[in-house]
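Here's the letter readout for the chains.
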Amino acid sequence: MRLRSTRGAPAVSLEEALVQGLAPDGGLYVPESLPSFSPDDFDDDDARSIAMRYLTPFFAGTRLADSIDAIVAETFSFPLPLVDLSQTVNAPLSVLELFHGPTAAFKDVGARFLAACLSRLDAEVDDPRPLTILVATSGDTGGAVAAAFHGRPGIDVVVLFPEGRVSPRQQHQLCCWGDNVTSLSVAGGFDDCQALVKAAFTDPTLSTQYRFSSANSINIGRLLPQSVYYAVASTQYLHKHGERLSFAIPTGNLGNALAAVLARAAGLPIGDILLVTNANRTVPDYFATGQYAGRASIATLASAMDVGDPSNMERLRDLFGEAEALRALGLDAVSVDDTEIREQIRRDAARFDFAWCPHSATAMYAWERHLDDAARAAPWAVVATAHPAKFETIVEPLIDATVPVPPALADLLERPAAFSRITPSLDALAEALS
Ligand SMILES: *Cc1c(COP(=O)(O)O)cnc(C)c1O
């Protein structure tokens, strides 16, 4: 299967799209066509065989085709369970828990898939310079990427994060790797980190000295594997209950939600898809008015969703059309603000034996307060994107209890952490790289 740019550049193979990240015309890579499955194609419930079946058409004819088995095993090395909540809420509700990976957020899936693919492709490159993955992060991405590439021979990772603007545990996850991972605390905001990465890519000296690549969310390799957990959850649900499962998805840059839309369009038994943003209302406003207006982001409790101009909107609109057409596909979008996030975390800690992270809380709020009784009579899954222990400074005061730390996260917190501070300048970055 070939991938074309949203802006018209010629189609390339999956290998090329993975290595390039962004298309040469500044567009994003999207599949030229989607596989067309029927639910009967997925006749067993085994997650890895569903993953293989879903991903195989994308790898057809590529040098990675013989390695899909190993790539799938490396990517999906932790459970992605669909947990039934129907007894407690008296409606067919489940939670899709995507936080059992090494850094306790769903971004582990995309990062591990990209690392599995790029490390194989890079092993064939004849160049003494190591591949240097530059990644700017507002919190979760950097940890997932560092974890996924840590210890991979011939690849270095440089993580840039905004000083003082990530949670203490997030910062630890960004800085506890050593070896081939360098962690840089940048005196500035996330935008400064991102600008620095872009500047390094286009700087004639640095981009000759180093072989840069990026692992940010525009890479199609972050998106493709995320469709797999929707394929698995919806297939297993169909086999068990004979019905399509709908999803309420915490949404920032729209990578996670777009993966669900792709899986649905490829024929998986998925019902409606509700995109839930925090107080950054760009996407809900677009669904309400039909006019797209990107804007600056505002800071919220669900900080990994603080996006004012989501880059994956370009893919969504290119592939599926404008608001009216998107609505006809069963998509809708709503916004949940900080007061509502706090309210949901507080209330649910009392009735469930777990707490939501601030991101996941938006989706639960939307299911409970934005859907009517008729909609809630159909089966839904609220997507839980991170473990609450990652955001304990927000969650614990609200629930007045300690959130138990999952084992993978506890392991990371045991490791020593180290980072260097830099100013947001290319000179400072060049010196830190040398
Ligand atoms: C990144 C992130 C999101 C937003 O996902 P997108 O793919 O950017 O829409 C939501 N929740 C958590 C915990 C995240 O880390």
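Above this note sits the structure.
In this text the structure is predicted, and so the values were computed from the model without any measurement.

Undergrad: I would appreciate a short explanation of the pairing of strand 7 (residues 181-186) in the present structure.
TA: Taken residue by residue, a regular strand's side chains alternate between the two faces of the sheet. Here strand 7 lies mainly inside the structure; 5 of its 6 residues are buried. Sheet topology note: the strand 6 (residues 155-162)/strand 7 ladder contains 6 bridges and is parallel. Paired with V157 across the bridge in strand 7 is V181. Note on the crossover from strand 6 through helix 7 (residues 168-175) to strand 7: the handedness is right-handed. Pairing between strand 7 and strand 13 (residues 420-422): 3 bridges, direction parallel.

Undergrad: In this structure, what is going on with the sheet that holds strand 7? I would like to understand it.
TA: One key point about sheets: their strands pair by backbone hydrogen bonds, in either a parallel or an antiparallel sense. The strand order across the open sheet built from 5 strands is 8-5-6-7-13, with neighbouring strands paired in parallel fashion. Two strands bound the open sheet, and with one partner strand each, they are strand 8 (211-214) and strand 13. When the angles between neighbouring strand axes are averaged without regard to direction, this sheet yields 30°. Helix-sheet contacts for helix 5 (residues 107-122) involve strand 5 (131-136), strand 6 and strand 8, and the interaxial angle to strand 8 is about 155°. Sitting on the sheet, helix 6 (residues 140-149) touches strand 5, strand 6 and strand 7, and the angle it makes with strand 6 is about 165°.

Undergrad: Just checking my understanding: could you explain the packing of aromatic side chains for this structure?
TA: By convention here, two paired aromatic rings are described through the distance between centres and the angle between planes. According to the stated counting rule, one finds 14 aromatic pairs in the structure shown. Plain terms: the ring middles of Y286 and F287 are 5.8 Å apart, the flat faces sit at 80° to each other, and that makes the pair edge-to-face. Considered together, Y286 and F287 belong to a single accessibility category, that of buried residues. Relative to W356, the ring of F352 has its centre 6.3 Å away and its plane inclined at 85°; by these criteria the two rings are edge-to-face. The pair formed by F352 and W356 is uniform in burial state, with each residue classed as buried. Ring pairing ties together the aromatic residues F37, F42, Y54 and F58, which thus form one cluster. The positively charged end of R376 is found above the aromatic ring belonging to W367, 5.6 Å away from the centroid.

Undergrad: For this particular structure, what's the right way to read helix 8 (residues 190-202)?
TA: Along an α-helix, residues three or four apart share an orientation, since each turn contains 3.6 residues. With 13 residues, helix 8 ought to run about 18 Å at 1.5 Å a step, and its terminal C-alpha atoms sit 19 Å apart, in line with that. Those residues of helix 8 not exposed but buried are C193, L196, V197 and A200. Down the axis of helix 8, the sector holding all buried residues measures 100°, keeping them to one side. Away from its buried face, by an angle of more than 90 degrees, helix 8 presents the exposed residues D191, K198 and T202.

Undergrad: Got a minute to help me understand the sheet that holds strand 10 (residues 270-277) in this structure?
TA: Here we have 6 strands laid out as an open sheet, ordered 3-4-12-9-10-11, and mixed in their pairing. Among the strands making up the open sheet, the edge pair consists of strand 3 (82-84) and strand 11 (331-335). Between one strand axis and the next, the sheet turns by 25° as a mean value, whatever way the strands run. One ladder, built from 3 bridges, connects strand 3 with strand 4 (residues 93-97); its direction is antiparallel. Across the sheet, residue L82 finds its bridge partner in strand 4, namely L96. Each of strand 10 and strand 11 is contacted by helix 13 (residues 282-289), which is oriented at about 125° to strand 11, the strand it contacts most.

Undergrad: I tried to follow the site of the ligand on my own but got confused; where do I start?
TA: Around the ligand sit 14 residues, and of these K107, D140, G252, N253 and L254 come closest. Note that an oxygen atom of the ligand is positioned 2.5 Å from one of the side-chain N or O atoms of K107. N253 places a polar main-chain atom, nitrogen or oxygen, 2.8 Å from an oxygen atom of the ligand. Here the shell around the ligand is composed, by residue class, of 5 nonpolar, 7 polar and 2 charged.

Undergrad: Hey, could you run me through the pattern of salt bridges in this one?
TA: Where side chains of opposite charge bring their charged atoms close, a pairing between them can arise. A complete count under the given rule lists 22 salt bridges for this structure. Here E163 and R421 are joined by a salt bridge, their closest N and O atoms 3.4 Å apart. Residue E163 is found in the loop between strand 6 and helix 7, and its partner R421 is found in strand 13; the two are separated by 258 residues along the sequence. R421 sits in the exposed class, given a relative accessible area of 58%. A salt bridge links R347 to E343; its shortest N-O distance comes to 3.2 Å. Here E343 and R347 lie together in helix 16 (residues 338-351), a separation of 4 residues that amounts to about one turn. The exposure class of E343 is partly exposed, given its relative accessible area of 29%. Bridged by salt links that share partners, the residues E343, R347, D348, R351, E368 and R369 form one connected network.

Basis of the calculations
Residues numbered from 1 in each chain as written. Predicted model: local features only at pLDDT ≥ 70, side-chain atom pairs only at ≥ 80, totals over all residues. Heavy atoms only, no water. Buried < 20%, exposed > 50% of the residue type's maximum accessible area, 1.4 Å probe, protein only. Helix = DSSP H or I, 4+ residues; strand = E, 2+ residues; numbered from the N terminus. Pairing = 2+ DSSP bridges. Right-handed = clockwise from strand over helix to strand, strands pointing away. Axes fitted to C-alpha atoms, helices over the stretch in contact; angles between N-to-C directions. Contact = heavy atoms within 4.5 Å. Phe/Tyr/Trp six-rings, centres within 6.5 Å; stacked < 30°, edge-to-face > 60°. Lys NZ or Arg CZ within 6 Å of the ring centre and 35° of its normal. Expected span 1.5 Å × (residues − 1). Arc of directions from axis to C-beta. Near = heavy atom within 4 Å. Polar contact = N/O pair within 3.5 Å; in protein donor to acceptor, adjacent residues only side chain to side chain. Nonpolar A, V, L, I, M, F, W, Y, C, P; charged D, E, K, R; others polar. Salt bridge = Lys/Arg side-chain N within 4 Å of Asp/Glu carboxyl O.

Spatial relationships are all this shows, so hold off on functional conclusions.
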